[in-house]
Amino acid sequence: SFVADLDLDGGGRNNYTGPVTQVAAGAVPGVYYMPKNDVAAVGRASRAPMCGSVRGFGELEAQIGTEMLIEELAQELGVDSMDIRLANALQTGERNSAGAFPLGQCRMSEIIAGDRAHPVWANRDNRKAEFEAANPALKYGVGYAIAKKGFGNSNEAVAAAITLGRDGNLRLQHIAVEIGTGAISTQALMCSRWFGKSADLMDSASFD
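Because the structure is predicted, anything quoted here is derived from the model rather than measured.

Calculation criteria
Residues numbered from 1 in each chain as written. Predicted model: local features only at pLDDT ≥ 70, side-chain atom pairs only at ≥ 80, totals over all residues. Heavy atoms only, no water. Helix = DSSP H or I, 4+ residues; strand = E, 2+ residues; numbered from the N terminus. Rg over C-alpha atoms; globule rule 2.2 N^0.38 Å. Buried < 20%, exposed > 50% of the residue type's maximum accessible area, 1.4 Å probe, protein only. Contact = heavy atoms within 4.5 Å. Areas by Shrake-Rupley, 256 points an atom, 1.4 Å probe, with all protein chains shown as cover. Pairing = 2+ DSSP bridges. Axes fitted to C-alpha atoms, helices over the stretch in contact; angles between N-to-C directions. Lys, Arg positive; Asp, Glu negative; His and termini not counted. Salt bridge = Lys/Arg side-chain N within 4 Å of Asp/Glu carboxyl O. Phe/Tyr/Trp six-rings, centres within 6.5 Å; stacked < 30°, edge-to-face > 60°. Lys NZ or Arg CZ within 6 Å of the ring centre and 35° of its normal. Right-handed = clockwise from strand over helix to strand, strands pointing away. Patch = residues over 30% accessible without salt bridge, like charges linked within 9 Å, V, L, I, M, F, W, Y side chains within 5 Å.

Trainee: Just checking my understanding: could you explain the overall build of the protein for this structure?
Mentor: Regarding its fold elements, the protein presents 8 helices and 5 strands. Along the protein, from the amino end to the carboxyl end, the secondary structure elements read β-α-β-α-α-α-α-α-β-β-α-α-β. Scaling as 2.2 N^0.38, a compact globule of 208 residues should have a C-alpha radius of gyration of about 17 Å, whereas the protein reaches 21 Å, well beyond that. Looking at the protein as a whole, 28% of its 208 residues are labelled buried. When contacts within the protein are restricted to residue pairs at least 6 apart in sequence, those whose partners lie at least 24 apart make up 64%. As presented, the protein carries roughly 13200 Å² of accessible surface, and 54% of it is formed by carbon and sulfur atoms.

So, in structure tokens, the structure goes:
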């Protein structure tokens, strides 16, 4: 079960405060399968500086709180927080709090398992003891958080298809939006990993 009450400060000017609040509410459970959800979110105007539609768009910012709760729960139970993450990670075909499921394979468990085995995490207690013994005035700590961005909102980065035509031409269809970051060219180049050449034809999302 998961309960969250989000109170978001949009600042003194409406910069997508409404949509950001909505997205944060839908995404706050993070990468975990929680079939029982009670989430409420309010976006407020204030005299603070304007804020809102930064690249996380409410999702990543809300999920940081969930990740901190995972750490607190692990401390109370006396277990590795990675065990809690693995036990509750969303699996392929499972629905999120909004009732949507990813278009592609869920690989959160694979990512968490790999991170748990990383020396920085696995040896964090010994590293902390050694560092603080050698540096009495300093503190050493290792934190962890995992987040997902944008599934269930029809804008998933994994929605792509590669077609090999009879003429040998490769056609890549991808929902990436080119905003000057080179998304179209880089995605086309990635085809060479499997086919030995870049995509000949490229269809991508666009602003209409």
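Now, onward.
Trainee: Any chance you could explain the sheet that holds strand β4 (residues 170-177) here in plain terms?
Mentor: One key point about sheets: their strands pair by backbone hydrogen bonds, in either a parallel or an antiparallel sense. A sheet is described by the order of its strands in space; here 3 strands give the open sequence β3-β4-β5, paired in mixed fashion. Strands at the two margins of the open sheet, each flanked by one partner only, are β3 (160-164) and β5 (201-205). On average, adjacent strands in this sheet sit at an angle of 15° to one another, irrespective of strand direction. Here β3 pairs with β4 via 5 bridges, running antiparallel. Across the sheet, residue L164 finds its bridge partner in β4, namely L170.

Trainee: Help me out: how do you make sense of the side chain of K148 in this one?
Mentor: Turning to its location among the elements, K148 is positioned in the loop between α6 (124-134) and β3. No salt bridge forms around the buried K148; measuring N to O, its nearest opposite-charge neighbour E59 is 4.4 Å away. In contact with K148, other than residues within four places in its own chain, are A27, G30, V31, E59, L60 and Q63.

Trainee: Explanation requested: the packing of aromatic side chains in the structure shown.
Mentor: Two aromatic rings are characterised by how far apart their centres lie and by the angle between their planes. This structure, assessed with the given rule, holds 3 aromatic pairs. Measuring from ring centre to ring centre gives 5.6 Å for F131 and Y140, while their planes differ by 40°; the resulting arrangement is tilted. What makes F131 partly exposed here is its relative accessible area of 29%. Between R124 and the ring centre of W121, over which it is positioned, the NZ or CZ distance is 3.9 Å.

Trainee: Could you clarify how one ought to interpret the pairing of strand β1 (residues 2-9) in this entry?
Mentor: Within a regular strand, the side chains alternate between the two sheet faces. Pairing of β1 with strand β2 (residues 37-44), which is carried by 8 bridges, proceeds in the parallel orientation. Note that in β2 the partner of V3 across the bridge is D38. Crossover handedness for the path β1 to helix α1 (residues 17-27) to β2: right-handed.

Trainee: Help me out: how do you make sense of α1 in this one?
Mentor: Spacing of three or four residues puts side chains on the same side of an α-helix, whose turn is 3.6 residues. Buried residues of α1: T17, V20, T21, A24, A25 and A27, and no others. As for α1, its buried residues are in contact with β1, β2 and α2 (59-77).

Trainee: Any chance you could explain a nonpolar patch on the surface here in plain terms?
Mentor: Judged by side-chain polarity, I162, L164, M190, W194 and F195 come together as a nonpolar surface patch covering roughly 510 Å² of accessible area. Mapped onto the nonpolar patch, the elements with two or more residues apiece are β3 and α8 (192-195). Turning to its location among the elements, W194 is positioned in helix α8. By relative accessible area, W194 is classed as exposed at 54%.

Trainee: Just checking my understanding: could you explain the pattern of salt bridges for this structure?
Mentor: One side chain can pair with another of opposite charge once the charged atoms of both are near each other. Per the stated rule, a full pass over the model turns up 9 salt bridges. Between R171 and D203 there is a salt bridge whose closest N-O contact spans 2.5 Å. Linking R171 in strand β4 with D203 in strand β5, this pair joins segments that are 32 residues apart in sequence. Residue classification places R171 among the partly exposed positions, given a relative accessible area of 37%. You can call D203 partly exposed: its relative accessible area is 29%. Connected via shared salt-bridge partners are E67, E71 and R85.

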